[in-house]
Every structure is written in C-alpha cells, then in structure tokens.
Amino acid sequence: MLPHVDALAHHTTEDTDTDTTAHLLTETAGFLDNQGQLIRATSRLQRALAGRLRVLGEDHPDTLASRNNLAGSYGLAGDLERAIPLFEQTLTDSLRVLGKDHPLTRTVRSSLANAVPERNGGGPGRP
C-alpha cells in the first residue's frame, strides 16, 4: 500500500487533501516509523496535520490526534524542542475541547510526561 500512498501524495497537493488522505498518511507514517524511517514518517504526519487543520479545524479530535502523533514523531527523532511545545499545545487544547478524562487527553498527558524527563536527561519516565 505504501507505494500507492506515496504516489497519491506525490501527484496531489496539500490543498486538495481530505480527511481520508490524512488518515492514509497517518497510517503509512506508523508503518514507516516501525521500519525506522522517522524522516519519512514525520513528513507524512506534518502533511496529515496540515490537511486536518484545513479540513476539520484545530479543535477537531482527529486534528488533536494528528498533532499528538506529530509531536511523538519529533520526540522519537530526538527533537524535543519541537515535540514538547507541540505536546503542551495539544494537551491544553484537549483539556479545553475534550476534558481531562478523555482517552486522547490522557494519552497526550502521558506523552508529555515522558518527553520532559528525556529533555532533562533522565530518560522516559525517570526524574
């Protein structure tokens, strides 16, 4: 499926992306991430987020999930200076839109908690 999604992304522009396109980009980014291809995965997550922002708006749960996925990709690549502010923004928006007990809000809170110790040299989950 990856070659087909790559062809779709190559032959279309971001301004024509739909939520379905964003979903396909997100799913292939997960595959690429598992294959250790973080740069390619991050590129797809950036485009998926841009599409969802344009189509769904910044407060839609799928947009919030896309933002969390992109922050996670930045974190995996060791770019915590980009990951942490994006996690923080996503947590603030998730709390406002979804509430403190929503599963996505909990996921973002956990991701942020793991990223902060890494930035401080403690590794995930360690002070």
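Residues numbered from 1 in each chain as written. Predicted model: local features only at pLDDT ≥ 70, side-chain atom pairs only at ≥ 80, totals over all residues. Heavy atoms only, no water.

Please set out the pattern of salt bridges residue by residue, giving values where relevant.
Counted under the stated rule, the structure contains nine salt bridges. Across the salt bridge formed by Asp59 and Arg96, the nearest N and O atoms sit 2.8 Å from each other. In this pair, Asp59 is assigned in the loop between helix 3 (38-56) and helix 4 (61-76) and Arg96 in helix 5 (residues 80-97), connecting sequence segments 37 residues apart. Classification of Asp59 by relative accessible area gives partly exposed; the value is 30%. Here Asp93 ties to Arg96 by a salt bridge, and the two come within 3.3 Å at their closest N and O atoms. Taken as a pair, Asp93 and Arg96 lie in helix 5 at a separation of three residues, close to a single helical turn. Connected through salt bridges with shared partners, the residues Asp59, Arg67, Asp93 and Arg96 form a single ionic network. (Salt bridge = Lys/Arg side-chain N within 4 Å of Asp/Glu carboxyl O. Helix = DSSP H or I, 4+ residues; strand = E, 2+ residues; numbered from the N terminus. Buried < 20%, exposed > 50% of the residue type's maximum accessible area, 1.4 Å probe, protein only.)

I'd like a rundown of the packing of helix 3 against helix 4, residues and numbers included.
Contact geometry of helix 3 with helix 4 gives a least axis separation of 9 Å together with a crossing angle of 160°. Put simply, helix 3 runs roughly antiparallel to helix 4. You can see that helix 3 and helix 4 cross each other, and the crossing is left-handed. In this structure, helix 3 uses Leu38, Ala41, Thr42, Leu45, Gln46, Ala48, Leu49, Arg52, Leu53 and Leu56 to contact helix 4, whose residues at the interface are Asp62, Thr63, Ser66, Arg67, Asn69, Leu70, Ser73, Tyr74 and Leu76. Residue classes in the contact of helix 3 with helix 4 are distributed as 10 nonpolar, six polar and three charged. (Axes fitted to C-alpha atoms, helices over the stretch in contact; angles between N-to-C directions. Parallel < 35°, antiparallel > 145°, perpendicular 65-115°, else oblique. Left-handed = near helix turned anticlockwise from the far one by under 90°. Contact = heavy atoms within 4.5 Å. Nonpolar A, V, L, I, M, F, W, Y, C, P; charged D, E, K, R; others polar.)

Just give me the short version of the packing of helix 2 (residues 19-34) against helix 3, but keep the residues and values in it.
How two helices sit against one another is set out by the angle between their axes and by the gap between those axes. Relative orientation of the contacting elements helix 2 and helix 3 amounts to 160°, with a least axis distance of 8 Å. The angle between the axes of helix 2 and helix 3 places the two elements in the roughly antiparallel class. Here helix 2 runs over helix 3; the crossing is left-handed. On the side of helix 2, the interface is formed by Asp19, Ala22, His23, Leu25, Thr26, Thr28, Ala29, Leu32 and Asp33, while helix 3 contributes Leu38, Arg40, Ala41, Arg44, Leu45, Arg47, Ala48, Arg52, Val55 and Leu56. Class assignment of the residues belonging to the contact of helix 2 with helix 3 gives a composition of 10 nonpolar, three polar and six charged.

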